[in-house]
Amino acid sequence: MELIIDNVTKAYGSKQVLHGIQLKLTPGILGLLGPNGAGKSTLMRMLATIEKPTGGTITWNGVDIAKNPDQLRFELGYLPQDFGVYPNMNPLEFLEYMAAMKGLTMKSARKRIDELLDLLNLSQDRKRLLGSFSGGMKQRVGIAQSLLNDPSLLIVDEPTVGLDPEERIRFRNLLSTLSSNRIVILSTHIVTDIESIAPHIAILSTGRLVMYSTPEKLIQDADNKVWLSIIPSVGLQNLQEKYTVSSAIHRSDGVHARIVSDLKPSPNASPLPSSLEDAYLYAVSSIGARS
Ligand SMILES: Nc1ncnc2c1ncn2[C@@H]1O[C@H](COP(=O)(O)OP(=O)(O)OP(=O)(O)O)[C@@H](O)[C@H]1O
């Protein structure tokens, strides 16, 4: 099982939104991180065969998916960012409808739907109208539809939006379990969504792949680049204009600002151990500084 993204570019008219993306994926989770507008959803739509690259190729087990999308579509599960459910259907009806659209036979679909409702903790609400569901419950229905065909490639685009902290953790654990025998691509701009579950992380920024690495290596790269500065609150705006501030906590002795910077930002700043969030900000800000 192998997905190869080879020198992929994408332009909408004269607007170039992806530049020469190069990635090779095998089973496991890839966390795709990037700020808003970096090109994550565009890349995912191309992987899901909804759009074609302007240049380069994407191959699934050796087959170019722009020329021959059928095999991948058969093995694909996709939860788009703007996934919507039909409010006047219940989860059972909705999943039966989606199963029919995916070409599953009703007999195999029924069994799979029961399993998925159970897996996603929706069995009790199987007959309740989707219009009455919370954001998190709708998202679980979205995840269920993406798993109907037991996909070999699972693509989930910003899946944790609308989930409460407990649901986020449950979802992370579910993806981790699912990734043992399939390729899972999870796009997000929230670092904690992929921390602890993604053995590989790709960072996109302004349409470029700025980093493909492991979380451990990313954190190592940001070693000696994270500082604590305690400043009066009036100085915070100025500091944020000059530096990447990953957090600022107001305390009785001033604002405790966590700064990501190659150089010590002030004589009294003290070094801090780096986190994945710092490392992500460091990777994105260093490319910003170079371009
Ligand atoms: N159909 C389109 N036509 C023109 N420009 C587009 C189209 N789709 C996306 N873009 C542009 O491509 C760039 C990348 O957008 P994309 O949605 O892929 O980023 P993203 O990383 O997923 O961001 P977000 O986290 O905000 O969803 C943006 O500048 C966006 O405006």
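Residues numbered from 1 in each chain as written. Predicted model: local features only at pLDDT ≥ 70, side-chain atom pairs only at ≥ 80, totals over all residues.

Trainee: Mind showing me how you'd approach the packing of helix α3 (residues 91–101) against helix α4 (residues 106–119) here?
Mentor: Between two packed helices, what matters for the description is the angle formed by their axes and the separation of those axes. Across the interface, α3 lies against α4 with an axial gap of 10 Å and an inter-helix angle of 130°. Our classification of the angle between α3 and α4 gives oblique. Note on packing geometry: the crossing formed by α3 with α4 is right-handed. Of α4, the residues touching α3 (which contributes Pro91, Leu92, Leu95, Glu96 and Ala99) are Ala109, Ile113, Leu116 and Leu117. Grouping the amino acids of the contact of α3 with α4 by side-chain chemistry returns eight nonpolar, no polar and one charged. (Axes fitted to C-alpha atoms, helices over the stretch in contact; angles between N-to-C directions. Helix = DSSP H or I, 4+ residues; strand = E, 2+ residues; numbered from the N terminus. Parallel < 35°, antiparallel > 145°, perpendicular 65-115°, else oblique. Left-handed = near helix turned anticlockwise from the far one by under 90°. Contact = placed C-beta atoms within 7 Å. Nonpolar A, V, L, I, M, F, W, Y, C, P; charged D, E, K, R; others polar.)

Trainee: Just to check I follow, could you spell out unusual backbone geometry for this structure?
Mentor: For residues other than glycine, phi is negative in most cases, and the peptide bonds are mostly trans. A positive phi angle, near 55°, is found at Asn7, a position not held by glycine. Residue placement: Asn7 occurs in strand β1 (residues 3–12). Of the residues examined, Asn7 has 12 C-beta atoms within 10 Å and is grouped as exposed. Phi angles above zero are rare outside glycine, and Glu158 is one such case at about 50°. Summarising the element assignment, Glu158 is placed in the loop between β7 (153–157) and α6 (165–178). Judged by local crowding, Glu158 falls into the buried class, with 21 C-beta atoms found within 10 Å. (Buried ≥ 20, exposed ≤ 12 C-beta atoms within 10 Å, placed from the backbone.)

Trainee: Is there a simple way to think about the sheet that holds strand β8 (residues 183–188) in this case?
Mentor: Strand pairing in a sheet takes place through backbone hydrogen bonds and is either antiparallel or parallel in direction. Read from one edge of the open sheet, six strands run β6-β7-β8-β3-β9-β10, paired in mixed fashion. In this open sheet, the two strands that pair with only one neighbour each are β6 (76–79) and β10 (208–213). For this sheet, the mean angle separating the axes of adjacent strands, direction not counted, is 15°. One ladder, built from six bridges, connects strand β3 (residues 28–33) with β8; its direction is parallel. (Pairing = 2+ DSSP bridges.)

Trainee: Which parts of the structure should I look at to understand the environment of Thr59?
Mentor: By the element assignment, Thr59 lies in strand β4 (residues 55–60). Measuring from C-alpha to C-alpha, the distance between Thr59 and Ser176 comes to 24 Å, with 117 residues separating the pair along the chain. With sequence-adjacent residues up to four places away left out, Thr59 is seen in contact with Ile4, Asp64 and Ile65.

Trainee: What exactly am I supposed to notice about the pairing of strand β13 (residues 254–260) here?
Mentor: One face of the sheet, then the other: side chains in a regular strand alternate in exactly this way. In the sheet, strand β11 (residues 226–231) pairs with β13 via six bridges, with the strands oriented antiparallel. Bridge pairing in β13 links Leu228 to Arg258. Pairing of strand β12 (residues 244–251) with β13, which is carried by seven bridges, proceeds in the antiparallel orientation. The residue of β13 that forms the bridge with Thr244 is Val260. If you look at the hairpin formed by β12 and β13, you'll find two residues sitting between the two strands.

Trainee: How do you make sense of the site of the ligand when you look at a structure like this?
Mentor: The ligand sits among 13 residues. The nearest are Tyr12, Asn36, Lys40, Ser41 and Thr42. Of all the secondary structure elements, the ones that give two or more residues to the shell around the ligand are β2 (15–25) and α1 (40–47). If you tally residues by element for the shell around the ligand, the top one is α1, at three residues. Its residues assigned to classes, the shell around the ligand comprises three nonpolar, eight polar and two charged. (Near = placed C-beta within 6 Å.)

Trainee: Help me out: how do you make sense of the sheet that holds β12 in this one?
Mentor: Ordered by their spatial adjacency, four strands build an open sheet running β12-β13-β11-β14, and the pairing between neighbours is antiparallel. Strands with a single pairing partner mark the edges of an open sheet, and in this sheet they are β12 and β14 (270–271). Where β11 lies against β14, two bridges are found, and the strand directions are antiparallel. Bridging across to β14, Trp227 finds its partner in Pro271.

Trainee: What is the right way to read the nonpolar core from this model?
Mentor: One broad rule of soluble globular proteins: the nonpolar side chains tend to lie buried together. Counting 76 residues, the largest nonpolar core has Ala144, Ile155, Ile185, Leu186, Ile203 and Tyr280 as its most contacted members. Among the elements that line this core, the one with the most residues is helix α10 (residues 276–290), at seven residues. When residues of this core are assigned to domains, at least three map to each of domain 1 (3–214) and domain 2 (220–290). Among all residues touching Ile185, those that are not within four sequence positions of it are Leu30, Leu32, Met44, Leu47 and Ile155. (Core = buried A, V, L, I, M, F, W, Y, C linked by C-beta atoms within 7 Å. Domains from an automatic or database assignment.)

Trainee: Help me understand the UniProt feature "domain: ABC transporter" (unreviewed entry) in the protein, please; the structure alone is not making it clear to me.
Mentor: In the UniProt entry, the feature "domain: ABC transporter" (unreviewed entry) is given for residues 3–231. As annotated, residues 3–231 has a helix share of 33% and a strand share of 30%, and its two end C-alpha atoms lie 48 Å apart. (UniProt positions renumbered as here; feature names shortened; annotations may be inferred.)

Trainee: Looking at this structure, how should I read the domain arrangement of the protein?
Mentor: Domain annotation for the protein reports domain 1 (3–214) and domain 2 (220–290). Just the C-alpha atoms count here: the centres of domain 1 and domain 2 sit 33 Å apart. Each side of the interface is counted separately: domain 1 has nine residues, and domain 2 has six residues. Elements with a contribution of two residues or more to the side of domain 1 that touches domain 2: β9 (200–205) and β10. With three residues, the top contributor of residues to the side of domain 1 that touches domain 2 is β10. Of the residues belonging to the side of domain 1 that touches domain 2, the class tally is six nonpolar, one polar and two charged.

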